[in-house]
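Observations on the model geometry
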Amino acid sequence: RQLSSSVEPNIIKSPFHDVTLPTCTVPELIWEQLDRWADKTAVECGINGKSYTYAELKLLSRRLAFALLKSGLHPGDVVTIVMPNIPEYLVAMLGTMEAGMVVTGINPIYASDEILFQLKDSGSKMVIVHPDQLANLLQAKEKLGSPIRVICVHDYDDRHRSLPSGVVAFSDFIGGESGGDDADLGRLLGVRQDVDSTALLPYSSGTTGLPKGVCLSHKNLTANVSQASHPDINPIEFATKNYQDTVPAILPLFHIYGAAIVMLRSLVRGAKLVTLPKFDPKPFLKILETNHNIVLYAVPPIILFLSSHPTVSSLHLERLKLTMTGGAPCSGADIEKLRSRKPHPIIQGYGMTESSPLLTQGSLDSMKHASIGKIVSNTEAKVVDITTGDSLPMNENGELCFRGPQIMKCYHNRPEATAETVDADGWLHTGDVGYFDEEGDFFVVDRIKELIKVKGFQVAPAELEGLLREHPEVSDAAVTALPCSRSGEVPIAFVIPKSTAAESLQEATLQQFVAAKVAPYKQISKIVFVESIPKSATGKILRRQLKEIAQKKYC
Ligand code: 4UV
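Residues numbered from 1 in each chain as written. Predicted model: local features only at pLDDT ≥ 70, side-chain atom pairs only at ≥ 80, totals over all residues. Heavy atoms only, no water.

1. Some thoughts on the packing of aromatic side chains
The condition is simple: Only rings of Phe, Tyr and Trp enter the pairing, Trp through its six-membered ring, and a pair is recorded when the two centres are within 6.5 Å. The plane angle decides the type: under 30 degrees is stacked, over 60 is edge-to-face, the rest tilted. Secondary structure is summarised from DSSP: a helix means a run of H or I of at least four residues, a strand means a run of E of at least two, and numbering begins at the N terminus for each. Categorising residues by exposure relies on relative accessible area from a 1.4 Å probe, with only protein chains included: less than 20% of the type maximum marks a residue as buried, more than 50% marks it as exposed, and the intermediate range marks it as partly exposed. Any Lys NZ or Arg CZ found within 6 Å of a ring centre and within 35 degrees of that ring's normal is scored as a charge over the ring.
Per the stated rule, a full pass over the model turns up 12 aromatic pairs. Ring geometry for tyrosine 350 and phenylalanine 402: centres 6.0 Å apart, planes at 45°, overall tilted. With tyrosine 350 in strand S16 (residues 346-351) and phenylalanine 402 in strand S20 (residues 398-403), this residue pair connects regions lying 52 residues apart in the sequence. You'll find tyrosine 350 and phenylalanine 402 in the same group, each marked buried. On the numbers, 4.5 Å between centres and 25° between planes, the contact of phenylalanine 457 with tyrosine 521 is stacked. With a gap of 64 residues between them, phenylalanine 457 in strand S25 (residues 457-459) and tyrosine 521 in the loop between helix H17 (507-515) and strand S28 (526-529) connect regions that are remote in the sequence. Tyrosine 521 gets classed as buried once you look at its relative accessible area, which sits at 13%. Each member of the aromatic cluster is reached from another via a ring pair, and the members are Tyr350, Phe402, Phe436 and Phe442. The residue whose ring lies beneath lysine 212 is tyrosine 411, and the NZ or CZ to ring-centre distance is 5.4 Å. Positioned above the aromatic ring of phenylalanine 238, the side-chain terminus of arginine 269 is 3.8 Å from the ring centre.

2. With respect to the pattern of salt bridges
The condition that has to hold: Salt bridges are counted wherever a side-chain nitrogen of Lys or Arg sits within 4 Å of a carboxyl oxygen of Asp or Glu.
Under the criterion given, the structure shown has 30 salt bridges. A salt bridge links arginine 62 to glutamate 98, with the nearest nitrogen and oxygen atoms 3.0 Å apart. One end of the pair, arginine 62, is in helix H3 (residues 54-70); the other, glutamate 98, is in helix H4 (residues 87-98), and 36 residues separate them in sequence. Glutamate 98 sits in the buried class, given a relative accessible area of 4%. By sharing partners, the salt bridges in this structure join Glu450, Glu465, Arg469, Asp476, Lys535 and Arg543 into a single network.

3. Comments concerning the packing of helix H12 (residues 300-308) against helix H14 (residues 332-341)
The line we're drawing: Geometry is summarised by axes, namely lines fitted to C-alpha atoms with helices restricted to the contacting stretch, and by angles between N-to-C directions that run from 0 to 180 degrees. Small angles under 35 degrees read as roughly parallel and large ones over 145 as roughly antiparallel, with 65 to 115 read as roughly perpendicular and the rest as oblique. The sense of a crossing depends on the near helix, which, turned anticlockwise from the far helix by less than a right angle, makes the crossing left-handed and, turned clockwise, makes it right-handed. By definition, residues are in contact when any of their heavy atoms lie within 4.5 Å. Residues are grouped as follows: Ala, Val, Leu, Ile, Met, Phe, Trp, Tyr, Cys and Pro are nonpolar; Asp, Glu, Lys and Arg are charged; all remaining types, including Gly, are polar.
At a minimum axis separation of 9 Å, H12 and H14 run at an interaxial angle of 40°. Taken together, H12 and H14 sit at an angle that is classed as oblique. Crossing handedness for the pair H12 and H14: left-handed. Residues Ile303, Leu304, Leu306, Ser307 and Ser308 of H12 touch H14, and the partners they reach there are Asp334, Ile335, Lys337, Leu338 and Arg341. In terms of residue class, the contact of H12 with H14 is built from five nonpolar, two polar and three charged.

4. Things to note about the sheet that holds strand S23 (residues 442-447)
What counts here: Only strands that DSSP links by at least two bridges are regarded as paired with each other.
Overall, antiparallel pairing links the five strands, which are arranged S1-S19-S20-S22-S23 in an open sheet. Both edges of this open sheet fall to strand S1 (12-13) and S23, since each of them pairs with a single strand only. Pairing analysis gives five bridges linking strand S19 (residues 380-384) to S20, with the strands arranged antiparallel. When the sheet's bridge partners are listed, lysine 382 is paired in S20 with cysteine 401.

5. Observations regarding the site of the ligand
What counts here: We call a residue near a molecule or strand when any one of its heavy atoms sits within 4 Å of it. Between N or O atoms, a polar contact is any pair within 3.5 Å; within protein, one atom must be a potential hydrogen donor and the other a potential acceptor, and residues adjacent in sequence are included only when both atoms are from side chains. All accessible-area figures derive from a Shrake-Rupley calculation using a 1.4 Å probe, and residue coverage is judged against the displayed protein chains alone.
Around the ligand, 22 residues are found, and the nearest of them are His255, Thr353, Asp432, Lys449 and Lys453. Contact between the ligand and arginine 447: an oxygen atom at 3.1 Å from a side-chain N or O atom of the residue. Here an oxygen atom of the ligand and a side-chain polar atom of glutamine 458 are 3.0 Å apart. Here the ligand, which alone exposes 680 Å², has 99% of that area covered by the protein. Where the shell around the ligand is concerned, the elements lending two or more residues are helix H10 (256-267) and S16.

6. Some points on the confidence of the model for the chain
Selection rule: A score from 0 to 100, pLDDT tells how confident the predictor is in each residue.
Predicted confidence across the chain gives a mean pLDDT of 94, with 98% of residues reaching 70 or more. In the model, residues 1-5 has pLDDT below 50 throughout and makes 11 contacts with residues more than four positions away in sequence or in other chains. ipTM for the predicted complex: 0.99, alongside a pTM of 0.96.

Below, the structure written as structure tokens:
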């Protein structure tokens, strides 16, 4: 991108020295130091203990890459993963990337219409699915209208089910492949992989509208993994003959926090990942109890769980080496509470899907628990006035903007949305409001974008509004966030009923109507019937007003 020639005031640079950015693909970066820990466990299932060493993970990924390239798919094609966190998720992701193809992950608790949206929007050619999601996926496939191949990965609890016709078992799909070396893969790919090509296509609604595919290149992702591995901020130690960190993989791998921070950041250091298909206190606590040197990536509800749930004992916390929270705001008091139970570094990480994701991270020795930390290396930030766009000095609130090699290439097929989010000078406008202090520590205080965060999961108001408007008795609808002590936020809707239904339309009717079409965390907590919805002259919903009304009424 062309950088503007005028020097802007108040641009803050990372306090950390720049790192040399890799020029290889994501899998190449992961395998770079494989010899150091080839026989160590790369991933283990937290339910049944099934595990793969690093050498096995590479071999399986290679076999998948070969099978994909021989199956008629081409580099650049999109492969969708609809699976919970299981060891094979890593194989699916790395194998697809090795084949020069693009991975898009779908939340395994999505309803079939939500799956359909992402399959269509991404133009996916193949789906790698878990048996538990197969029925929903096949419903979506039926409505898709274009051919798509389905590969089913066997079960984490070893239930063997017969597969419907047309669905191929993963073990059969890669069965004919023995995996080749780098030269074989290179020959099959034909050309050397372009590191600017898209490797990952996670979905995010960004600052406005429906979820959009975020095009993250190999370069974006390897840059961010390297930034996160900076010696001054990295919590994971390199594995050695006698040492290995354990990283519980409890955050979903379809989300950027799970994919890049939990998975990639750990694999480049030879750590052991322990997967859980969903957050379940019992197996989660067992992971904490039975492993050593634990680096825990969490979201605020997990911090609350660890600090206050009666089933959590000091035994469970004993082996925590470092805990990171991110994805949604976490109060300093909540962090302090956990620290008082188990004194150890607990830091915040902050970022977005659109930034691969890490932008700032708390210092390992920092006691500013409410802070999201300092800008990562090779990155600049500024805080801009929300109305004038002027950059602001320290301690003044404005929109946080960042520029660096981890910022997405673009939104998939949405040039206008891209231009609204990443400006001509390369600044990512986060839609978050915050400030930085005299020590260069950043704080998030508010969100100006419409995104709702439920336990760290994204909920796009536009999606729920669209569904509500589909109801025959609804004239118009607007959705915003309501603060919630358990989930951080939950969706609340303001609905104008059609005049014929003004008396009869029930809150529960509409809640159920939406609930049938979306994942459970998107369900609308409260519906307020109104006669009008505040809108600007151009017809845009004035969400801040609605948010204030909701808070006054229900908080
Ligand atoms: O796009 P997304 O769903 O992405 C994320 C990314 C989370 C993380 C977590 C730990 C990291 O180390 C990291 O690099 C990334 O959730 O949602 C992005 C929005 O989530 C809010 C904020 O509104 C972002 O624009 N958010 C993310 N982290 C924080 C946060 C945080 N620490 N504090 C407050 N809000």
